[in-house]
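# Remarks on the overall topology
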Amino acid sequence: MGLSRRRLLQATGVTGVAALGGCLGLGKSGDSNSDYDIADAPIPDNPGKHTYAIAGTGNADTTVQYFSNWKCPYCAQFSTGFLHTVMSDYVEPGKIDLEFRSLAYYNGQPFLGADAPRASEAGLAVWNVDPQSFWKYYEQVFSNQPSEQKQWATTDKLLSFMKKAGVKHRDEIKSQIEANKYKSELQKTDTAAQKAGVNSTPMLIIDGQTVAALKTDKVTKLLDSATN
């Protein structure tokens, strides 16, 4: 069984309300640009050069890493809220590239359920097979995310999200999911997360600083500092 969020935090010594912060939605929510459609996020002209999904040109001076989990309800809160502002105010103008890293494992164990790695495999497969549809798929999943308590990330459920998002080549994607094609990339994300001090989701790494994504005032200050 995968680690629950609280068990993970306890295991890593991160306990108490202050430490949980943005991970558990306790950070200040701030304003968001709800008019921006995440499905319209720009991607690089050469997406194949990027192993992990990118929103942006791929050539921005600043790359922000976004550690998330497809099953995390607080990632859904960020995705349907403040992420719209990050996209409209920083990604769309070319100030930053946003690299999406799905935290499927933590210290080698599935994070948020045994089905979490499958959801992460699916996301990487969409990016590598039909990158133009990735952010449409992203929006579809996080806008309709089932409860994290359920093991909902079956191949059929993930493919149904893809169909609704208009993802192409779904047979190829299905084969990649079933073959666990991206396990090594997900293991690298696990290692990168631990190295950066990421122990919950959603988290951002901005100019070398790790911050809970739902702490929007701090995120905004860091983004402004990194891009001015």
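Residues numbered from 1 in each chain as written. Predicted model: local features only at pLDDT ≥ 70, side-chain atom pairs only at ≥ 80, totals over all residues. Heavy atoms only, no water.

This part is about the pairing of strand E6 (residues 203-206). A two-sided burial pattern is seen for E6, the buried positions comprising Met 203 and Ile 205 on one face and Leu 204 and Ile 206 on the other. Note that strand E2 (residues 62-68) and E6 share three bridges and pair antiparallel. Paired with Phe 67 across the bridge in E6 is Met 203. Relative to strand E7 (residues 209-212), E6 is paired through four bridges, and the arrangement is antiparallel. Along E7, the bridge assignment pairs Leu 204 with Val 211. Taking the residues that link successive antiparallel strands as the turn, the E6-E7 hairpin has two residues, and the phi of Asp 207 there is positive, at about 50°. (Buried < 20%, exposed > 50% of the residue type's maximum accessible area, 1.4 Å probe, protein only. Helix = DSSP H or I, 4+ residues; strand = E, 2+ residues; numbered from the N terminus. Pairing = 2+ DSSP bridges.)

Confidence along the protein averages 88 in pLDDT terms, with 85% of residues attaining 70 or more. With pLDDT under 50 throughout, residues 1-30 is counted as low confidence; its partners more than four residues away or in other chains account for 63 contacts. (pLDDT = per-residue confidence, 0-100. Contact = heavy atoms within 4.5 Å.)

Moving on to unusual backbone geometry. Excluding glycine, a negative phi dihedral is what most residues carry, and trans is how most peptide bonds are arranged. Pro 202 follows Thr 201 through a cis peptide bond whose omega is 0°. Tracing the backbone through its elements, the reader meets Pro 202 in the loop between helix H9 (183-196) and E6. At His 169, a position not held by glycine, the phi torsion is positive, near 55°. Its place among the elements puts His 169 in the loop between helix H7 (155-165) and helix H8 (170-178). Here the phi dihedral of Asp 207 falls at roughly 50°; this positive angle occurs in a residue that is not glycine. By the element assignment, Asp 207 lies in the loop between E6 and E7. By relative accessible area, which is 61% here, Asp 207 ends up exposed.

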